Every structure is written in C-alpha cells, then in structure tokens.
Protein chains: 2
Amino acid sequence: MERLFQFLKIGINEKIYIKDPESTSLGKRIVEESILLIHEIGFEAFTFKKLGQRIGSNESSIYRYFENKHKLLLYLTSWYWGWLEYKLVFATNSITEPREKLKTALAIVTKEVEVDSNFSHINEVLLSKIVINEYSKSYLTKEVDADNKEGYFVIYKRLVNRLSTMVKEVDPTYKYPSSLASTVLEGSLHQHFLRDHFVSLTDCHEKGDPTEYFTELVFNALNNTPNG
Amino acid sequence: MERLFQFLKIGINEKIYIKDPESTSLGKRIVEESILLIHEIGFEAFTFKKLGQRIGSNESSIYRYFENKHKLLLYLTSWYWGWLEYKLVFATNSITEPREKLKTALAIVTKEVEVDSNFSHINEVLLSKIVINEYSKSYLTKEVDADNKEGYFVIYKRLVNRLSTMVKEVDPTYKYPSSLASTVLEGSLHQHFLRDHFVSLTDCHEKGDPTEYFTELVFNALNNTPNG
DNA sequence: CAAATATAATAGTATTACTATCAAAAAATA
DNA sequence: TATTTTTTGATAGTAATACTATTATATTTG
C-alpha cells in the first residue's frame, strides 16, 4: 500500500492551484508545512505570511502557488479524500461479496488515521485531523455552488458515490443509499470531533468505536428488507 | 405553541453577550437584522460595520452588545437550539409510549422550518438556514474547549441528551444512544445542506424526506435488539 | 553561457476587527 | 420638572489581514 504512493500521484483539479505544488521543492514545502501550521494554530489564524516566515520563504512566493488560503484548504482536503479513495479502492477491489465489500469500505472510511506512510512529504495523520476540524469550512460558504461547478469537490463526491454504490449492491431496494453514504462520511468526522471535544455527546470512546457504530448502523438500515 | 413565545424567553448564557440584546430596542434590531444580513451575505463577509450601516446605527454601539461576531453567532445559534428544545419538550411531554415519543422528537428535530411564528423579532425560517450553513463554524475553532467550559454550548448539549434519553427509553441495551442522537442532529443539518448544494449526495429531495430517512435509520438501529 | 523562469524583498492598498474618547440624546429618578 | 445616569452616535486611530505590483536576484534549462 505505502509503496504505491512513491509513484502514484493524487490527481487534483488543476484549477485549485495556480502552479502545481508537486512540481517544485518550494511547492512541496508549502504543502508540507501548511499542514503542520494549520494543525497548530487552526485555519482561521493561519496566514500565508506566517507560513512564509516558517518556511523561510516569502508571502508573495506562496501566492504564486495558491490564490488564497481557501484554495490551499481545498487542495489539502482534496488530497486527503483522494488518498482515502485509493485506500478504499485497493482494499475492496478484489472483494466480490457485497456485504464483505461494504464492511471493508466502512472500516477504511470511519477509522482513525494513525500511521503516517512516510513516503511523501504529506503527514496523513495530521492531515486527517485538519479534515476533521476544517473540512466543513471548505463548502459552508456563499461560493459553494460556484466552487462545485468548477469541480473543486469531485473527489469527495466520487467517494460518496462509491460508498453509495456499495450500499446499493447490498440492498438494491434501499431508498436512501446516497444519504446513508454521506451521513457516514460526514458523521464519522463529527464523531471523531466529539470524542476530542464533547465527550458527553458520543459513545465512541474506545479504539475502533466509530467503525463499529457506523457498521451496525448501516447494516441495520439494510437489514429489514427482503434482500437484507 | 406560537403564543408561548410572547411571554417565554429563551434562556441564553449571560456570558455570551456584554449587554442583553433583549433588554433594548437597539439590541433587538441588532439580533433581528443580523439574521437577515448573515443570511444574505454569509458569516464570513458579515461585519459589525455593515450591520451598523444597515440598521442606521454605529459599529461601536453594536460592540457594546457583543464582543465580536463569533459571540453573536453563538447567541443566534443558542437561541435556535433553545427554541427547538421548547418545541420538542412541549410536543413530547404528554406522550408516554417511548417509540411514539421518539418518533415525534425525530420529526421535530429533522424537519424543515417553514413558518415564521411572527411573534418575536426573530425570523426562525432564516435562522434555521443560518444554522444549517454556519453552526459548525461556531465550534470548529481552536477555542472550542474554552468556549465549552464557559458553557456556550449547553443548550445544544442538553438537546442531544434529551434525544439520547428517548433513544435509551426505546432500547436500554443500545450501545450508542449519544452517538445516534448527535448523528441525527448534525446529519439532519447536513442533509438539508446537501439538498440545496450537492443534490447527488442525498436522496432527500421530497418534502418530509430527511425525517423519513432518519426515522427509519434510528428505528432500524434499535430494532434488532431483544427490546426492539 | 544566455535566456528564461522562479524566488525574494520591499512597498503599498483596502478592509477588518477592534479600542478610545467625547458629545448628544434618551431614560430614570429625585 | 430638573438633574443625574445611562445609552447611543460620531469620529479617530491601531494593528493585522489579504492581497497586488514592482524590481532585483537567484536558479534552472536549452
């Protein structure tokens, strides 16, 4: 799995950046260090000036890669969802039994990211924490529809659709496969957040718990049908 | 129901505001018009200066009511959750049968807000849209834990707990009552958002759909147990 | 080695998110 | 009703943000 990322590149919509950060070493440092800095101080307090100071580069140089910090966030989160998508596809590809396939997919999508692959400049553990804390901000804006039209959310949408398709394969009569898929993806981020900040609002305290909770939830939703 | 709000006041943590906006007519206009303005231009572009211009008042006067726009958002969303809590308590109070009670609660919590009560200066329809678009931003910050300690989220937490308790009353053996309750509340906002902006990620297109989807989801989760 | 390209340094603008001060208006109270 | 207190409005000012523009200096590439 890890070795794949040595030669595979996550395909991100080219309109998200001005200049491909993967194409230069400065670009890679921008991505690498922005993850650390956003994780440290949060997206609101994060600025290109601070990032420049941190990587010993100039604010204006960063602006040549990304139009603004919102685009950088779209880039980082797209990378994350693309990375998860690869993991999901590779892990489920060979499985033919629909229930087994869905179960594997749910595990990948809901479990905590704990090991950094160490093969790229991107720290997936910290990036997953950024996604938990900041992803919603990338679409809860007045520009969502325009951004969506530009294709800035395609990877995420494709991931939801993959999950949705797997749900349908388990139960073609289920009325809400897309809602279930989007609830799991979004809900999983939310449960992870609650575990860290609002302990009383979740029961997912043990390791592996969000996975178990969502797996039960999904299979029970599909259970009580003729094909369940 | 509506008449109650003529003499009932939603009890909001006094630390959220500097001066109670309910105590003066300027305060009420601040609240009333901030809802319209945030709905129009979004929370990011919203400033106290713009609000001042709109209500023919001064920026500095608004700062005497709220420390900053984040506190104003906490105020508005607390009001919303308090309002929903009242609706939920009044509607379920007299119901003794646990399944019926939970079903009623789920309907209240997941259905679209469509009618403005017209008895207060607060437009609940627009406020509910603000909650859908902006609520996450009130807690996805580096200051969550401090804000939580100050009690800025008590009403929301109490609402999740009320739902969670109702879940337990239907099935005391269910392992994830709080997670289920928080998933429903958060997931409902999310499905409403998807319906407006990411149509392909949801199946809730018909009126009443989020309610039906979540009701099925919850009862199926509780179904397959000895007490279900 | 020359030409092209990328980066750094500096400066500058408009807006935001406030704080401070003081005068005027409105409300409370004696 | 006069006076005191409180509230609001007007103006000014500061530091930071979110950029853009220009020019000089490196670095890469052909």
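Note that the coordinates shown come from a computational prediction; the quantities given were computed from them, not determined experimentally.

Conventions we followed
- Residues numbered from 1 in each chain as written.
- Chains lettered and ligands numbered in written order.
- Predicted model: local features only at pLDDT ≥ 70, side-chain atom pairs only at ≥ 80, totals over all residues.
- Heavy atoms only, no water.
- Phe/Tyr/Trp six-rings, centres within 6.5 Å; stacked < 30°, edge-to-face > 60°.
- Helix = DSSP H or I, 4+ residues; strand = E, 2+ residues; numbered from the N terminus.
- Buried < 20%, exposed > 50% of the residue type's maximum accessible area, 1.4 Å probe, protein only.
- Near = heavy atom within 4 Å.
- Polar contact = N/O pair within 3.5 Å; in protein donor to acceptor, adjacent residues only side chain to side chain.
- Nonpolar A, V, L, I, M, F, W, Y, C, P; charged D, E, K, R; others polar.
- Least-squares fit on C-alpha atoms with pLDDT ≥ 70 in both.
- Contact = heavy atoms within 4.5 Å.
- Axes fitted to C-alpha atoms, helices over the stretch in contact; angles between N-to-C directions.
- Parallel < 35°, antiparallel > 145°, perpendicular 65-115°, else oblique.
- Left-handed = near helix turned anticlockwise from the far one by under 90°.
- Core = buried A, V, L, I, M, F, W, Y, C linked by side-chain atoms within 4.5 Å.
- Buried area = accessible area lost by both parts, 1.4 Å probe.
- Salt bridge = Lys/Arg side-chain N within 4 Å of Asp/Glu carboxyl O.
- pLDDT = per-residue confidence, 0-100.

A. Structural context of the packing of aromatic side chains. In this structure the tally under the stated criterion is 38 aromatic pairs over all chains. Measuring from centroid to centroid gives 5.4 Å for Phe153(A) and Phe198(B), while their planes differ by 85°, and the two rings are edge-to-face. You can see Phe153(A) sitting in the loop between α8 (144–149) and α9 (154–170) and its partner Phe198(B) sitting in the loop between α10 (177–197) and α11 (209–223), one on each of two chains. By the burial criterion, Phe153(A) is buried, and Phe198(B) matches it. Here Tyr174(A) and Tyr176(A) contribute two aromatic rings whose centre-to-centre distance is 6.0 Å and whose plane-to-plane angle is 75°, an arrangement assigned as edge-to-face. Of the residues examined, Tyr174(A) reaches a relative accessible area of 9% and is grouped as buried. Residue class for Tyr176(A) comes out buried when judged on its relative accessible area of 1%. An aromatic cluster is present here, built from Trp79(A), Tyr80(A), Trp81(A), Trp83(A), Tyr135(A), Tyr139(A), Phe153(A), Tyr156(A), Phe193(B) and Phe198(B) joined pairwise through their rings.

B. Spotlight on the protein's contact with DNA strand D. Taken together, 18 residues are adjacent to DNA strand D, and Tyr63(A), Asn68(A), Ser57(B), Arg64(B) and Tyr65(B) come closest. Among atoms of DNA strand D positioned within 4 Å of the protein, sugar and phosphate together represent 59%. With respect to DNA strand D, the side chain of Glu59(A) contributes an N or O atom lying 3.4 Å from a base nitrogen. Listing elements by their share of the surface near DNA strand D, those giving two or more residues are α4 (59–63) of chain A together with α4 (59–63) of chain B. Among the elements that take part in the surface near DNA strand D, α4(A) stands out by supplying 3 residues, more than any other. The class makeup of the residues in the surface near DNA strand D is 3 nonpolar, 9 polar and 6 charged.

C. Region of interest: the relation of the copies chain A and chain B. Mapping chain A onto chain B calls for a screw motion: a turn of 180° about the axis and a shift of 0.0 Å along it, with 0.0 Å RMSD after fitting. One copy is carried onto the other by what is essentially a two-fold rotation axis. Within chain A, Asn220(A) has its C-alpha nearest the rotation axis, a separation of 2.8 Å. When you check the interface residues of chain A against chain B, 100% turn up at the interface there too, and the contact is symmetric in its surfaces.

D. Fine view of the protein's contact with DNA strand C. Taken together, 17 residues are adjacent to DNA strand C, and Ser57(A), Ser61(A), Tyr65(A), Glu59(B) and Asn68(B) come closest. The sugar-phosphate share of atoms of DNA strand C within 4 Å of the protein amounts to 62%. Note that a base nitrogen of DNA strand C is positioned 3.1 Å from one of the side-chain N or O atoms of Arg64(A). Every element with two or more residues in the surface near DNA strand C is listed here: α4 of chain A together with α4 of chain B. In terms of residues, the surface near DNA strand C owes the most to one element, α4(B), which gives 3 residues. In the surface near DNA strand C, the residues fall into 3 nonpolar, 8 polar and 6 charged.

E. Region of the structure containing the side chain of Thr211(A). All names here are of chain A. For Thr211, the location among the structural elements is in helix α11 (residues 209–223). The exposure class assigned to Thr211 is buried, which follows from its relative accessible area of 14%. Apart from residues lying up to four places away in sequence, Thr211 is in contact with Ala107, Thr110 and Lys111.

F. Focus on the packing of helix α7 (residues 124–139) of chain B against α10(B). Residue and element names in this part refer to chain B. At a closest axis distance of 9 Å, the pairing of α7 and α10 adopts a crossing angle of 130°. As far as their axial angle goes, α10 and α7 are oblique. Seen along the crossing, α7 lies across α10 with a hand that is left-handed. Contact residues: α7 offers Val131, Ile132, Asn133, Tyr135, Ser136 and Tyr139, while α10 offers Glu186, Leu189, His192, Phe193 and His197. Looking at side-chain class alone, the contact of α7 with α10 contains 6 nonpolar, 4 polar and 1 charged residues.

G. Representation of the environment of Phe198(B) within the structure. The buried category is assigned to Phe198(B), whose relative accessible area is 6%. Considering only alpha carbons, one finds Phe198(B) and Val115(B), 83 residues apart in sequence, at a separation of 25 Å. Apart from the residues lying within four places of it in its own chain, the contact partners of Phe198(B) are Tyr139(A), Val144(A), Asn148(A), Phe153(A), Lys157(A) and Phe193(B).

H. Layout of the nonpolar core. Counting residues in each nonpolar core, the largest one holds 150 residues, and the members touching the most others are Trp81(A), Leu102(A), Leu180(A), Trp81(B), Leu102(B), Tyr174(B) and Leu180(B). In contact with Leu102(B), other than residues within four places in its own chain, are Leu163(B), Met166(B), Val167(B), Val170(B), Val218(B), Phe219(B) and Leu222(B).

I. Local environment of the interface of chain A and chain B. Of the residues lining the interface, 52 residues belong to chain A; the matching set on chain B comes to 53 residues. Across the chain A to chain B interface the summed buried area is about 4,400 Å²; carbon plus sulfur atoms make up 55%. Looking at the side of chain A facing chain B, the largest losses of area belong to Leu140(A), Tyr176(A) and Leu201(A), adding up to 16% of the total buried there. Of the charged contacts, one joins Glu212(B) and Lys175(A) as a salt bridge, the two residues approaching to 2.8 Å between their closest N and O atoms. Scanning the region where chain A abuts chain B turns up 32 residue pairs in polar contact (both at pLDDT 80 or more). If you list the elements that add at least two residues to the side of chain A that touches chain B, you get α2 (25–45), α7 (124–139), α8, α9, α10 (177–197) and α11 of chain A. Counting residues per element, the side of chain A that touches chain B draws most heavily on α10(A), at 13 residues. Its residues placed into classes, the side of chain A that touches chain B shows 20 nonpolar, 18 polar and 14 charged.

J. Layout of the environment of Glu100(B). With respect to the secondary-structure elements, Glu100(B) resides in helix α6 (residues 98–110). You can call Glu100(B) partly exposed: its relative accessible area is 40%.

K. Highlighting the confidence of the model for chain A. Counting all residues, the mean pLDDT for chain A is 92, and 95% of those residues have values of 70 or more. Helix α1 (residues 4–7) of chain A is the least confidently modelled element of chain A, averaging 58 in pLDDT, while α10(A) averages 98, the highest of any element.

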